[in-house]
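So the chains spell out like this:
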Amino acid sequence: MTVLGIIWFCLIFVLIAGYFVLDGFDLGAGVLSPFVAKTDEEHAILHRSIGPVWDGNEVWLLTAGGALFAAFGAAYATTFSGFYLAIMLVLIGLIIRAISLEFGAHDPAWKKTWRILFFVGSLLPALLFGVAVGNVYAGIPMDANGDYIGIPLIGLVTPFTLLTGLLGLSLFLLLGASWLALKSPVGLAMQKRASDIRLAFVVISLLLFFAVSAYGHFIIQPEMDPALNILRWIFAGAFVAALLVAVWSDSRKQDLLTFLLACAAAVSLVGLWAASMFPNFVVAGAGDPLSLFATAASGENITIATAASSDLTLAWMLGITCVGMPLVLIYHVISYRVFRGRVEQQD
């Protein structure tokens, strides 16, 4: 395990955290759309709040997948082949979501259909993201070649992964509600609905976090590097603290602060996941012992040492990243600055 391998392990989780936050609020807004947007005007405002940024936000997911492929090919091969059907569902969701956003505003005769597709296309990635995280953390059945040997799709759904999926979904919904409360015009009914509902997702996220933590500690019992215990406690404490402060900021109707605290909670959760996985990318095992479809694994964990590309490849990638990442961040800063403030109502 080299220094460059460790750096790229951290960078991939940074990319995942960026996707979780940036695409998290527009996915959450899509899932919430049938419940907070009741009129054509409110739907239009919701779409205009994410319209300038949603496609740029998805770049973080593509970049994370590409970086995993180039830096840790064995981990990419196992996760993408094992989760093939789940990944196809995510891609279908992202495709129909993009289509609904592009065509919904220009096809009023089918507006109900486009709104349903927008909801479904947002829900699938938001839920399956957490399910995938739960699987790589708990362990998936692999043979000696690192190939997935469990039941496709069904084998990935266990009590633990459902909990992690719901935890991820609740954070997406918290981000979406906080974003809509921040961007909707003050006085609009949708702004009040989003503001009222976000506290519920703060509480639900906290409860699910403690449930996942207890389940993982007492039932899954993963092997973790004891040297990172302090770091894990820091990330866990940051997650809980961010949501507790969000309760206070929500009561003060501090929309921007509440949204930023929700983002901090999402980043902290990804950091906790990374610290809990290190140095593994994929854990080989039967996964959740309470699963009805548990399958024994004969392979070994896929780690930084076993999956990393050559140091030359990682060095070239790091150099490209040092040039490309600042450009991407500058683009996002400019984009969000240009479209800052609340969406204006149109006459």
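Higher on the page you've got the structure.
Right, let's walk through the structure included here. (Residues numbered from 1 in each chain as written. Predicted model: local features only at pLDDT ≥ 70, side-chain atom pairs only at ≥ 80, totals over all residues. Heavy atoms only, no water.)

What follows covers the overall build of the chain. The helix and strand tally for the chain stands at 13 helices and two strands. Relative to the globule expectation of 20 Å for 347 residues, the C-alpha radius of gyration of the chain, 20 Å, shows essentially globular dimensions. In terms of principal-axis extent, the alpha carbons of the chain reach across some 65 × 45 × 40 Å. Only carbon and sulfur atoms are counted for the fraction: they give 73% of the accessible area of the chain, which is about 16,100 Å². (Helix = DSSP H or I, 4+ residues; strand = E, 2+ residues; numbered from the N terminus. Rg over C-alpha atoms; globule rule 2.2 N^0.38 Å. Areas by Shrake-Rupley, 256 points an atom, 1.4 Å probe, with all protein chains shown as cover.)

Taken as a whole and judged by the stated rule, the model has ten salt bridges. Measuring nitrogen to oxygen at the nearest pair gives 2.9 Å for the salt bridge that ties aspartate 40 to lysine 111. Residue aspartate 40 is found in helix α2 (residues 40–50), and its partner lysine 111 is found in helix α7 (residues 111–138); the two are separated by 71 residues along the sequence. Owing to a relative accessible area of 43%, aspartate 40 belongs among the partly exposed residues under this scheme. The partly exposed category is assigned to lysine 111, whose relative accessible area is 28%. With its nearest N and O atoms 2.8 Å apart, the salt bridge here joins lysine 192 to aspartate 196. Separated by four residues within a single helix, lysine 192 and aspartate 196 lie in helix α9 (residues 189–220), roughly one turn from each other. It is possible to trace a salt-bridge network through shared partners that takes in Asp23, Asp26, Glu58 and Arg97. (Salt bridge = Lys/Arg side-chain N within 4 Å of Asp/Glu carboxyl O. Buried < 20%, exposed > 50% of the residue type's maximum accessible area, 1.4 Å probe, protein only.)

Here we come to the environment of aspartate 288. Structurally, aspartate 288 is set in the loop between β1 (280–282) and β2 (302–303). Residues aspartate 288 and proline 159, 129 residues apart in the sequence, show an inter-C-alpha distance of 7.4 Å.

Let us now look at the nonpolar core. Grouped together as the largest cluster of nonpolar side chains are 104 residues, with contacts concentrated most on Trp8, Phe72, Trp273 and Phe281. When residues of this core are assigned to their parent elements, the largest contribution, 19 residues, is made by helix α1 (residues 3–36). Those residues in contact with phenylalanine 281, other than ones at most four positions away along the chain, are Phe9, Ile12, Leu68, Phe72, Ala75, Val136, Ile302, Thr303 and Ile304. (Core = buried A, V, L, I, M, F, W, Y, C linked by side-chain atoms within 4.5 Å. Contact = heavy atoms within 4.5 Å.)

So, on to a nonpolar patch on the surface. Residues Tyr84, Leu85, Met88, Leu91, Ile95, Ile99 and Phe103 make up a contiguous nonpolar surface patch of about 640 Å² in total accessible area. Here leucine 85 is to be found in helix α6 (residues 84–104). For leucine 85, a relative accessible area of 41% gives the class partly exposed. (Patch = residues over 30% accessible without salt bridge, like charges linked within 9 Å, V, L, I, M, F, W, Y side chains within 5 Å.)

Where α1 meets helix α13 (residues 311–338), the closest approach of the two axes is 11 Å, and the angle between their N-to-C directions is 25 degrees. By the angle between their directions, the pair α1 and α13 is classed as roughly parallel. For the element pair α1 and α13, the recorded crossing hand is left-handed. Contacts between α1 and α13 involve Leu4, Gly5, Ile7, Trp8, Leu11, Leu15, Leu22 and Phe25 from the former and Asp311, Leu314, Ala315, Met317, Leu318, Thr321, Met325, His332 and Tyr336 from the latter. (Axes fitted to C-alpha atoms, helices over the stretch in contact; angles between N-to-C directions. Parallel < 35°, antiparallel > 145°, perpendicular 65-115°, else oblique. Left-handed = near helix turned anticlockwise from the far one by under 90°.)

Another point: the packing of α7 against helix α8 (residues 159–183). Their axes nearest at 7 Å, the elements α7 and α8 cross at an angle of 135 degrees. In terms of orientation, α7 and α8 fall into the oblique class. Pair α7 / α8 crosses with right-handed handedness. In this structure, α7 uses Leu123, Ala126, Leu127, Phe129, Gly130, Val131, Gly134, Asn135, Tyr137 and Ala138 to contact α8, whose residues at the interface are Phe160, Thr161, Thr164, Gly165, Leu166, Gly168, Leu169 and Phe172. For the contact of α7 with α8, a count of residues per class yields eleven nonpolar, seven polar and no charged. (Nonpolar A, V, L, I, M, F, W, Y, C, P; charged D, E, K, R; others polar.)

It is worth spelling out the packing of aromatic side chains at this point. A full pass over the atoms with the stated rule returns 21 aromatic pairs. Their ring planes at 75 degrees and their centres at 6.2 Å tell us that phenylalanine 35 and phenylalanine 119 sit as a pair that is edge-to-face. Remark: phenylalanine 119 occurs in helix α7 and phenylalanine 35 occurs in helix α1; sequence separation between them is 84 residues. Taking the relative accessible area as the measure of exposure, phenylalanine 119 reaches 23% and is therefore partly exposed. (Phe/Tyr/Trp six-rings, centres within 6.5 Å; stacked < 30°, edge-to-face > 60°.)

Another point: the environment of isoleucine 219. By secondary structure assignment, the location of isoleucine 219 is in helix α9. When its relative accessible area of 32% is taken as the criterion, isoleucine 219 is described as partly exposed. A sequence separation of 69 residues divides isoleucine 219 from aspartate 288, and the C-alpha atoms of the two residues are 7.7 Å apart.

Relative to the helices and strands, threonine 313 resides in helix α13. Take threonine 313: its relative accessible area is 32%, and that puts it in the partly exposed class. On a C-alpha basis, the gap between threonine 313 and alanine 138 in space is 30 Å, while along the polypeptide they are 175 residues apart. There is a polar contact of 3.0 Å between the side chain of threonine 313 and the side chain of serine 310. (Polar contact = N/O pair within 3.5 Å; in protein donor to acceptor, adjacent residues only side chain to side chain.)

Every α-helix winds through 3.6 residues per turn, so residues three or four apart in the chain are directed the same way. The terminal C-alpha atoms of α13 lie 40 Å apart, and with 28 residues this matches the ideal 40 Å at 1.5 Å per residue to within 8%. Of all the bends in α13, the greatest, near 30 degrees, is centred on threonine 321. Within α13 the residues assigned to the buried category are Leu314, Met317, His332 and Ser335. In the core, the buried residues of α13 are packed alongside α1, α3 (54–57) and α4 (59–71). (Expected span 1.5 Å × (residues − 1). Bend = angle between axes of the 7 residues up to and from the residue.)

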